[in-house]
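In case you want the letters, here they are:
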Amino acid sequence: MNSPKRDLAILWGLSLFWLALYLASMFYHTGGRWALPLDDSFIYFQYARQAADGHFLQYNTGDAPTAGATSLLYMLLLVPGFLVGLEGMSIAVYALLLGLLALGFSAQLVLRLGRELAGEFSGWVAAGLLLTCGPLLWGYFSGMEIGLFSFSILLSLYLYLAGDARAPLAAALMVLARPEGIVLALLLLGLRVYRRWRDGDQMEWQWWLPLVVYGLQALVFGFVTGSPGAAGIEAKWRFAAP
């Protein structure tokens, strides 16, 4: 087995192992029933079900639209599950598979980041730390957007450090995954502006995309619900407090 295939086998094998262990623990503690650790996951499921039925951001049919789905992107990623007919707790299986994909791809990115920054050994140490961190693994398999957001952060950092022209697109994805992603996107934008000033090189217009995406998301929330911010942000973010 050559090195790239070996790497993939190890990373995805460990990701599948943790999912299997998670499921075993779940079924042991629930008496064989499907469950997820947070009620927030089911809030996403409800919004996604309603969106699949044509009731965008309506928690119940006939209700006024609300911004309870903090991550519009994650909610929309759940919609295909309902469109293909998943019902009840079967949507939780779909969400866990999304978490598995996010974990596997995140592990690949961490391995590459570690290799680029400090060599082969450090890359495997970094990937090992990711794949043995209990709180992180819990987040990836929580049925929430944690895995998607973590993957988008790692992708943004990897592409930025690699000098890849797609880095601004990854930063825009990060903002869509969670509105707080705008903080890291602004840091990357600031670094890019500094490099332009220091080296006199041309700055790609795509670096303004994260700001555009953030503004468009606020416009969507504002137009549909009357409030430009997601309810979760307004309730929990310190800067949103009066």
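In case you missed it, the structure is sitting above this.
Starting from 1, residues in each chain are numbered consecutively following that chain's sequence as written. Two thresholds apply to this predicted model, a pLDDT of at least 70 for residue-level local features and 80 or more for giving and counting side-chain atom pairs, whereas whole-chain, interface and lining totals are computed over all residues. The side-chain values count all of the structure's non-hydrogen atoms but skip hydrogen atoms and water molecules.

A short note on helix 4 (residues 90-118)
Here is step 1: Only runs of H or I of at least four residues qualify as helices and only runs of E of at least two qualify as strands under DSSP, and these elements are numbered from the N terminus. Each residue after the first adds 1.5 Å to the expected span of a helix. Helix length check: helix 4 (29 residues) gives 42 Å between terminal C-alpha atoms against 42 Å at 1.5 Å per residue, within 8%.
Here is step 2: In the segment just after helix 4, glycine 119 is the residue with positive phi, at about 105 degrees.

Observations concerning the side chain of glutamine 217
Here is step 1: Tracing the chain through its elements places glutamine 217 in helix 10 (residues 209-225).
Here is step 2: Throughout, a residue-residue contact means that at least one pair of heavy atoms, one from each residue, lies within 4.5 Å. Other than its neighbours up to four places away in sequence, glutamine 217 contacts Leu72, Val175, Leu176 and Pro179.

Here we look at the packing of helix 9 (residues 181-199) against helix 10
Here is step 1: Fitted lines through C-alpha atoms give the axes, limited to the stretch in contact for helices. The angle between two N-to-C directions lies from 0 to 180 degrees. Direction vectors running N to C along helix 9 and helix 10 enclose 155 degrees, while the axes themselves pass 9 Å from each other. Here helix 9 is positioned roughly antiparallel relative to helix 10, judged by the angle of their axes. Between helix 9 and helix 10 lies a crossing of left-handed hand. In this structure, helix 9 uses Ile182, Ala185, Leu186 and Leu189 to contact helix 10, whose residues at the interface are Pro210, Leu211 and Tyr214.
Here is step 2: Classification used: nonpolar for Ala, Val, Leu, Ile, Met, Phe, Trp, Tyr, Cys and Pro, charged for Asp, Glu, Lys and Arg, polar for all others including Gly. Taken together, the residues that form the contact of helix 9 with helix 10 break down as 7 nonpolar, no polar and no charged. Put simply, angles under 35 degrees are roughly parallel, angles over 145 are roughly antiparallel, angles from 65 to 115 are roughly perpendicular, and the rest are oblique. Rotating anticlockwise by less than a right angle from the far helix to the near helix defines a left-handed crossing, while the corresponding clockwise rotation defines a right-handed one.

Describing the side chain of serine 106
Here is step 1: For serine 106, the location among the structural elements is in helix 4.
Here is step 2: Distance and chemistry together define a polar contact, namely a pair of N or O atoms within 3.5 Å, with one atom able to donate a hydrogen and the other to accept it when in protein, and with adjacent residues in sequence counting only for side-chain atoms on both sides. A polar atom in the side chain of serine 106 sits 2.6 Å from the backbone oxygen of alanine 102.
Here is step 3: The contacts of serine 106, once residues within four sequence positions are left out, are Leu130, Tyr140, Ser150, Phe151 and Leu154.

With respect to the nonpolar core
Here is step 1: We define a nonpolar core as any set of buried Ala, Val, Leu, Ile, Met, Phe, Trp, Tyr and Cys residues linked to one another through side-chain atoms lying within 4.5 Å. Burial here depends on accessible area, computed with a 1.4 Å probe over protein chains only, as a share of the maximum for the residue type. Under 20% is buried, over 50% is exposed, and the range in between is partly exposed. Core analysis: the biggest nonpolar cluster contains 62 residues, and Phe45, Met75 and Leu96 have the highest contact counts within it.
Here is step 2: When residues of this core are assigned to their parent elements, the largest contribution, 12 residues, is made by helix 4.
Here is step 3: Residue contacts for methionine 75: discarding those within four places in its chain leaves Tyr44, Tyr47, Ala48, Ala51, Phe56, Leu57 and Ala69.

Some details on the packing of aromatic side chains
Here is step 1: Any Phe, Tyr or Trp ring, taking Trp's six-membered ring, that has another such ring centre within 6.5 Å forms a pair; planes under 30 degrees apart are called stacked, those over 60 apart edge-to-face, and the others tilted. All told, the structure shown has 9 aromatic pairs when counted by the stated rule.
Here is step 2: Taking 6.3 Å as the distance between ring centres and 50 degrees as the angle between the ring planes, the aromatic pair formed by phenylalanine 105 and phenylalanine 151 counts as tilted. Here the residue phenylalanine 105 occupies a position in helix 4, and phenylalanine 151 occupies one in helix 7 (residues 146-161), the gap between them amounting to 46 residues.
Here is step 3: Residue phenylalanine 105 is classed as partly exposed on the basis of its relative accessible area of 39%.
Here is step 4: Members of the aromatic cluster, joined through ring pairs, are Trp12, Phe105 and Phe151.

A short note on helix 7
In an α-helix, one full turn covers 3.6 residues, which means residues spaced three or four apart are oriented alike.
Here is step 1: For helix 7, with 16 residues, the first-to-last C-alpha span of 23 Å sits near the 22 Å given by 1.5 Å per residue.
Here is step 2: Residues of helix 7 that are buried include every one of Gly147, Leu148, Phe149, Ser150, Ser152, Leu154, Leu155, Ser156, Tyr158, Leu159 and Tyr160, and no others.
Here is step 3: Tucked into the core, helix 7 has its buried residues touching helix 3 (72-83), helix 4, helix 6 (134-140), helix 8 (167-177) and helix 9.
Here is step 4: With its phi angle positive at about 70 degrees, glycine 163 sits one or two positions after the end of helix 7.

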